[in-house]
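# Structure at a glance
If you want the building blocks of each chain, they are given just below.
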Amino acid sequence: MSEKPDPLPSSPSKKKAVFHMIGNAHIDPVWLWNWQEGFQEVKATFRSALDRMQEYPDFVFTCSSAAHHAWVEENDPAMFREIQERVKEGRWEIVGGWWVQPDCNLPSGEGFVRQGLYGQRYFLEKFGTTAKVGYNPDSFGHAVTLPQILKKSGMDYYTFMRPGPHEMGLPSRLFQWQSPDGSQVLTFRIPYEYCTWGKNLEVHIKKCTTEIPDVNELMVFYGVGNHGGGPTRENIDSIHHLNTNPEFPELVLSTPNRYFETVEKREKIPVWTDELQMHAIGCYAAHSGIKQWVRKAENLLVRAEKFSALAHHLTGQPYPRAEFARAWKNVLFNHFHDILAGTSIESAYEDARNELGESLSIASRALNFAVQSISWNVHIPFLEGSKPIVVFNPHGFEAKLPIELEYGGLKPGDVLLDDQGNPVPHQVVRSEATVSGWRKRITFMADLPALGYRTYRMVPGEVQPTPQEAAPEIVLENPFLKVTFDATLGAIQSLYNKELDTEMLKAPAAQGSVYHDPSDTWSHGILRYPNLEGHFQGQSLQIIEDGPVKRTVRMRSVYQNSTLWQDFSLYAHSRHLEVKVTVHWHEKHRVLKLLFPLQLHFPQATYEVPYGVITRPADENEKPGQSWLDLSGVYRGTGQICGVSLINDAKASYSLQDTTLALTVLRSPIYAHHDPYVPSDDREYRYIDQGEQHFTYLIHPHAGTWRDAETVRLSQSLNQPAVAIIETYHEGKLPLSQSLAHVDAQNVQLSVVKLAEDGSDLVLRLVETHGLNTTCKATMLGEVFEVKVPAYGICTYKVQSGGLQETNLLEFPV
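In this text, all values refer to a predicted model and were calculated from it rather than measured experimentally. (Residues numbered from 1 in each chain as written. Predicted model: local features only at pLDDT ≥ 70, side-chain atom pairs only at ≥ 80, totals over all residues. Heavy atoms only, no water.)

## A short note on the environment of glutamate 261
- Topologically, glutamate 261 is positioned in helix α8 (residues 256-263).
- Through-space distance from the C-alpha of glutamate 261 to that of tyrosine 157 is 9.6 Å; in sequence the pair is 104 residues apart. (Helix = DSSP H or I, 4+ residues; strand = E, 2+ residues; numbered from the N terminus.)

This is how it looks when you write it as structure tokens:
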């Protein structure tokens with residue numbers, strides 16, 4: 001049963017209720033079909049809507065998604081010109097303001113920003129207007145940070161449908177939705193459905209009458225959808241007919257803009273300050289590939305933009321603005337809620353892989369051109385027998401980052417020096433090339449200036465004798481951590497924090513745990529996976545790397561037909577454990593999780609969400625997150641506050657049970673299986689996530705909370721690693737080491753440096769991550785600016801000759 005909204009104030013005279021009838025066509029460009037079919041359906045639906053306008057002078061059409069309009073512009077210019085005329089007339093209403101209707105939990109914060117940047121600027125260029133209404137009727141959940149992103153992208157209103165009343169209670173269909181920074185958008189939850197299947201709308205409208213008190217206004221959506229179609233003649237005729245019946249509300253052919261403009265002046269509209277969840281929990285772990293490809297592409301594009309913009313100003317390297325736009329639009333299209341959620345047909349992911357591969361290729365090429373342009377201009381004097389290595393830090397803070405690179409010609413005794421001539425420990429690890437002799441792979445920790453570079457040299461040295469040692473104990477230990485393993489269980493036996501003198505685990509951790517999961521691709525109708533079926537069991541445990549930089553223990557474990565390798569690495573001076581994972585998965589209707597039982601009391605769970613954080617109950621329910629989840633609380637033995645951050649580069653689904661933190665690695669339902677269809681025992685199906693996959697996660701024990709542990713920075717360092725270039729000797733105008741940009745506040749992230757969409761000004765984006773109003777200094781190419789960043793604020797600036805000019809997320813002046 002749907003909840004009844006609180007009555008809105010009315011005038012003393014009793015007025016007839018008004019239904020704003022919203023003619024629309026929800027189009028999934030990819031779902032149970034490929035994008036090529038979606039492309040055709042967009043054109044057919046748009047043609048139908050234009051034809052209805054010819055037949056019904058009062059008919060208006062609501063339409064979102066810049067990508068769909070761009071398809072028509074490229075493939076049927078005449079129809080596109082017709083749409084432009086209808087927009088001018090006010091009969092084709094642009095809503096959404098984004099490139100597509102994305103999943104509203106999984107894209108990064110910057111991914112959501114680019115949805116608006118490219119979507120709204122497209123609408124402005126082609127139609128002379130931008131959307132005022134954010135519009136995601138079919139997305140499965142909505143991150144709490146979206147109101148700020150919407151507001152700063154020019155949208156004051158928002159429309160959604162999921163979660164429905166049976167999944168989340170709200171004070172009203174109409175409410176002010178507020179993000180943690182205080183931004184608000186007037187928001188409406190669509191009753192029952194965003195599309196209609198019958199010709200006559202009487203039953204649909206009668207259902208909606210139960211949603212209103214005696215005096216109110218409501219949006220009622222109609223039109224054939226999902227595979228497009230839009231409002232039919234029978235739909236419109238039935239509206240006209242029902243309007244003659246005095247027992248029905250007044251039915252007005254309308255648009256979301258008109259509705260919101262009518263109701264926004266009402267008093268006592270309730271405020272909602274939480275996220276909008278949960279509809280389909282399985283979406284956040286279905287299809288590991290698409291999650292990893294999108295995250296990788298987003299992060300690589302951001303890195304490439306930073307160094308491309310800096311290289312443009314430092315060396316004159318051309319900035320590939322058009323290529324970046326193409327790459328981002330590929331990523332944005334694959335944010336679509338049925339693609340990124342993993343709920344489309346199998347062949348759709350071949351298209352997604354290819355599109356995202358193009359984006360990764362563009363970003364990789366741009367990044368390489370940029371860093372090599374900078375390193376080529378570094379003055380590196382000749383030194384006999386040495387080989388220079390220039391390492392770039394993509395972050396606005398100083399950082400010690402691990403470097404691994406293939407290296408030719410390494411000789412016994414060679415010494416690595418920094419730009420001051422100080423020796424830097426390095427270590428030979430296994431090369432990707434299986435050859436003897438000259439080709440090696442080395443690793444070292446690079447101490448790097450903020451968003452800048454440092455030059456290292458490998459120089460000849462004396463061969464040091466290698467002492468003969470007994471077989472080492474299989475343990476990882478440095479001044480901060482001691483980690484031991486259980487070879488039989490295939491698990492971490494102990495995670496001892498030496499600084500706190502505490503054992504963080506209350507039971508073995510990181511063991512692969514398998515749960516039975518008979519649900520469909522979305523996991524409709526459930527909130528968790530409680531049916532533990534078994535665990536991976538240890539098969540082998542060995543040290544595979546051991547040297548002055550790091551020691552690595554490889555643990556191999558098996559479960560039925562599947563194998564799990566985890567390479568646990570502890571660097572010499574690191575406070576976290578790095579784990580590189582390879583999974584060979586061959587199970588069906590199963591979930592794989594890694595569990596971390598912690599010795600904590602009064603636990604608090606904090607998740608990263610798009611450009612922000614949220615604290616959620618420490619219950620067993622499956623929940624979406626970005627690259628990290630932290631569980632902090634009171635250590636029972638001493639009463640001190642401490643915790644563990646779990647950080648990764650590919651996964652987005654987590655759960656908790658009391659004080660056990662769980663990373664959901666994968667699910668293997670049938671592709672595109674939707675309830676209520678019941679799979680047949682005598683039929684073959686294709687299952688998701690079969691075969692091999694790789695990802696990395698970090699276990700970061702810490703004192704205090706995630707804020708004290710610099711979890712945000714550690715996550716950024718994992719997802720946007722340093723770049724190393726083997727150079728040569730040459731004259732140049734640049735020093736051996738320098739910082740090109742820096743922010744001096746630990747809680748303010750320099751998330752973006754790029755060239756403006758218009759002109760050659762640098763654009764900076766600063767994000768406050770800890771909930772503190774902060775005044776900080778931002779340094780950019782030697783210029784220092786004082787900036788005030790509000791708590792949880794997303795602030796964008798153009799660097800101009802007179803200083804910083806604040807803009808919105810579309811790069812228009814505030």
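## A word on the sheet that holds strand β42 (residues 774-780)
- Here we have three strands laid out as an open sheet, ordered β39-β42-β43, and antiparallel in their pairing. Whereas interior strands pair on both sides, the edge strands pair on one side only; in this sheet they are β39 (741-743) and β43 (783-789). Each strand of the sheet is rotated relative to its neighbour by a mean of 20°, with strand direction disregarded.
- When β42 meets β43, the two strands line up antiparallel, connected through seven bridges. Along β43, the bridge assignment pairs methionine 780 with glutamate 783. (Pairing = 2+ DSSP bridges. Axes fitted to C-alpha atoms, helices over the stretch in contact; angles between N-to-C directions.)

## Brief notes about the nonpolar core
- With 172 residues, the main nonpolar core has Met21, Trp92 and Leu146 as its most contacted residues.
- Counting 52 residues, the second-largest nonpolar core is a separate cluster that includes Phe480, Phe536, Leu600 and Ile699. (Core = buried A, V, L, I, M, F, W, Y, C linked by side-chain atoms within 4.5 Å. Buried < 20%, exposed > 50% of the residue type's maximum accessible area, 1.4 Å probe, protein only.)

## Quick look at helix α1 (residues 35-55)
- The end-to-end C-alpha distance of α1, which contains 21 residues, comes to 30 Å, matching closely the 30 Å that a straight helix rising 1.5 Å per residue would cover.
- Structurally, α1 contributes buried residues whose contacts are with β2 (61-63), α2 (66-75), α3 (77-89), β3 (92-94) and α7 (233-242). (Expected span 1.5 Å × (residues − 1). Contact = heavy atoms within 4.5 Å.)

## Remarks on empty space enclosed by the protein
- Scanning the model with the defined rule gives eight cavities of 30 Å³ or more in all.
- What the largest cavity holds in volume is close to 620 Å³.
- Lining the largest cavity are 38 residues, and of these Ser108, Gly109, Asn299, Glu608 and Gln626 sit closest to its centre.
- Among the secondary structure elements, those contributing two or more residues to the lining of the largest cavity are α4 (109-127), α9 (288-315), β29 (601-609), β30 (612-616), α13 (711-719) and β40 (748-755).
- Ranked by the residues each element gives to the lining of the largest cavity, the list is headed by α9, at seven residues.
- Residues of the lining of the largest cavity, tallied by class, amount to 16 nonpolar, 16 polar and six charged.
- Its boundaries defined by the atoms lining it, the second largest cavity holds a volume of some 90 Å³.
- Lining the second largest cavity are Asn24, Ala25, His26, Ile27, Thr62, Cys63, Ser64, Ser65, His68, Gln101 and Tyr135. (1 Å grid on protein atoms, 1.4 Å probe; cavity = no way out; pocket = protein on both sides within 12 Å on 5 of 7 lines; lining within 4 Å. Points joined across faces, edges and corners; volume = space filled by probe spheres on them. Nonpolar A, V, L, I, M, F, W, Y, C, P; charged D, E, K, R; others polar.)

## Looking at the sheet that holds strand β12 (residues 399-408)
- Read from one edge to the other, the open sheet built from three strands follows the order β12-β16-β15, with strand pairing classed as antiparallel. Each edge of the open sheet carries a strand with a single partner, namely β12 and β15 (426-429). Each adjacent strand pair in this sheet contributes to an overall mean axis angle of 30°, direction not counted.

## Here we look at the packing of aromatic side chains
- Throughout the structure, instances matching the rule amount to 33 aromatic pairs.
- Taking 5.1 Å as the distance between ring centres and 85° as the angle between the ring planes, the aromatic pair formed by phenylalanine 46 and tryptophan 92 counts as edge-to-face. On the criterion of sequence distance, the pair formed by phenylalanine 46 in helix α1 and tryptophan 92 in strand β3 is long-range, its members being 46 residues apart.
- Taking the centre distance of 5.5 Å and the plane angle of 80° together, the rings of phenylalanine 307 and phenylalanine 392 count as edge-to-face. Taken together, the residues span a long stretch of sequence, with phenylalanine 307 in helix α9 and phenylalanine 392 in strand β11 (residues 387-393) at a distance of 85 residues.
- In textbook terms, an aromatic cluster arises when at least three aromatic residues are bridged by ring pairs, as seen for Phe80, Trp99, Tyr122, Phe123 and Phe127.
- Lying across the ring of tyrosine 407, lysine 387 places its NZ or CZ 4.6 Å from the centre.
- Here the guanidinium or amino end of lysine 651 rests over the ring plane of phenylalanine 695, the centre of that ring lying 5.0 Å away. (Phe/Tyr/Trp six-rings, centres within 6.5 Å; stacked < 30°, edge-to-face > 60°. Lys NZ or Arg CZ within 6 Å of the ring centre and 35° of its normal.)

## Things to note about the pairing of strand β5 (residues 157-160)
- Of the two faces of β5, both are covered, the one formed by Tyr157 and Thr159 as well as the one formed by Tyr158 and Phe160.
- The pairing of strand β4 (residues 133-136) with β5 spans four bridges and is parallel. Bridge pairing links valine 133 to tyrosine 157 in β5.
- Looking at chain direction, β5 and strand β7 (residues 184-189) are connected through four bridges and run parallel. Bridging from a neighbouring strand, tyrosine 157 pairs with leucine 186 of β7.

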